[in-house]
Amino acid sequence: MSERQNAFTIKTNQLSDEVYNKLATYAKSRKLGDYISSLILRDLHDSSTERKAIEDKKTYEMFEHIKNELADLKTLAKTTGFVGNGSFKEEEPSKVAQLKEGKVADLENISGSLDDDDLEEYSDF
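Note on numbering: residues in each chain are counted from 1, in written sequence order. At least 70 in pLDDT is required for a residue's local features to be given in this predicted model, at least 80 for side-chain atom pairs to be given and counted, and no such filter applies to totals for whole chains, interfaces and linings, which use all residues. Values shown for side chains rest on all heavy atoms present in the structure; no hydrogens or waters enter the calculation.

**Student:** Summarise the overall build of the protein; cite the residues concerned and give the values.
**Tutor:** Numbering of helices and strands runs from the N terminus, with a helix taken as a DSSP run of H or I at least four residues long and a strand as a DSSP run of E at least two residues long. Summing up its helical and strand segments, the protein has 3 helices and 0 strands in all. The linear arrangement of helices and strands in the protein, starting from the amino end, is α-α-α.

What follows is the structure in structure tokens.
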């Protein structure tokens, strides 16, 4: 290693000439702070990207596990006779009975009567 100027101070056990010269070049051009900042931001971005990749992998593994468990449950249900073979098909929407024309009730001529006993049940109100 050659003799170095104190353009900046970095405390480390090992710093190769190649790394030192690169840092010295940035320091002399007054861009060392920006360079170090960009490296740190890149590291932070990489770690968040790596963290997202790990989370995505875990999510995928969880979905695969659920898929396998559902397949096992379907197989078990079919072998035990719990459900028929056609049970897992998509169900059709229930059919609504069509209304047909009919006679409208005539409310003008009401027949029937109320007994006094019927009225006593509701006298508490």
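Right, picking up where we left off after that structure.
**Student:** Run through the pattern of salt bridges, naming residues and quoting values.
**Tutor:** Where side chains of opposite charge bring their charged atoms close, a pairing between them can arise. Between Lys or Arg on one side and Asp or Glu on the other, a salt bridge is scored when a side-chain nitrogen of the former is within 4 Å of a carboxyl oxygen of the latter. Tallied over the full model, the rule gives 1 salt bridge. Between Lys52 and Asp56 there is a salt bridge whose closest N-O contact spans 3.5 Å. Here Asp56 and Lys52 lie together in helix α2 (residues 32–79), a separation of 4 residues that amounts to about one turn. With relative accessibility at 48%, the residue Lys52 sits in the partly exposed group. Any residue under 20% of the maximum accessible area for its type is buried, any over 50% is exposed, and the rest in between are partly exposed; the area is computed with a 1.4 Å probe on protein chains only. Overall, the relative accessible area of 42% leaves Asp56 in the partly exposed class.

**Student:** Before we move on, could you go through unusual backbone geometry and cite the residues and values that matter?
**Tutor:** Trans is the common state for peptide bonds, and a negative phi is the common state for residues other than glycine. Its identity as a non-glycine residue notwithstanding, Arg30 has a phi of 60°, on the positive side. Here Arg30 lies in the loop between α1 (17–28) and α2.

**Student:** Give a description of the packing of aromatic side chains that names residues and reports values.
**Tutor:** Stacked, tilted and edge-to-face are the three classes assigned to paired rings of Phe, Tyr and Trp, where Trp is represented by its six-membered ring and a pair needs centres within 6.5 Å; plane angles under 30 degrees give stacked, over 60 edge-to-face, the rest tilted. Summed over all chains, the structure comprises 1 aromatic pair. Seen in terms of ring centroids, Tyr26 and Tyr35 are 4.0 Å apart; in terms of plane orientation they differ by 10°. Their pairing is stacked. Owing to a relative accessible area of 23%, Tyr26 belongs among the partly exposed residues under this scheme.

**Student:** Which residues make up α1, and what values do they have?
**Tutor:** Taking 1.5 Å as the rise per residue, α1 with 12 residues should run 16 Å; its terminal C-alpha atoms sit 16 Å apart, in good agreement. Where α1 is concerned, the buried positions are Tyr20, Leu23, Ala24 and Ala27. Projected down its long axis, α1 carries its buried residues within an arc of 105°, all on one side. In α1, the exposed residues that point more than 90 degrees away from the buried face are Glu18 and Thr25. Helix span, as expected, comes to 1.5 Å for every residue beyond the first. This arc corresponds to the set of directions leading from the helix axis out to the C-beta atoms.

**Student:** Explain the confidence of the model for the protein to me, using residue names and the numbers behind them.
**Tutor:** On a range of 0 to 100, pLDDT expresses the predictor's confidence in each residue. In the predicted model, the protein carries a mean pLDDT of 76, and 66% of its residues have values of at least 70. Within the protein, no element has a lower average pLDDT than helix α3 (residues 116–120), which sits at 70, and none a higher one than α2, at 87.

**Student:** Tell me what's going on with a nonpolar patch on the surface, and back it up with residues and numbers.
**Tutor:** Note that patches include only residues with greater than 30% relative accessible area and no salt bridge, and the join distances are 9 Å for like charges and 5 Å for nonpolar side chains (Val, Leu, Ile, Met, Phe, Trp, Tyr). Accessible surface area values rest on a Shrake-Rupley calculation with a 1.4 Å probe, where residue burial reflects the displayed protein chains alone. Where nonpolar side chains cluster on the molecular surface, the patch consists of Met62, Phe63, Ile66, Leu70, Leu73 and Leu76 and spans about 610 Å² of accessible area. If you trace the backbone, Leu70 turns up in helix α2. Residue class for Leu70 comes out partly exposed when judged on its relative accessible area of 48%.

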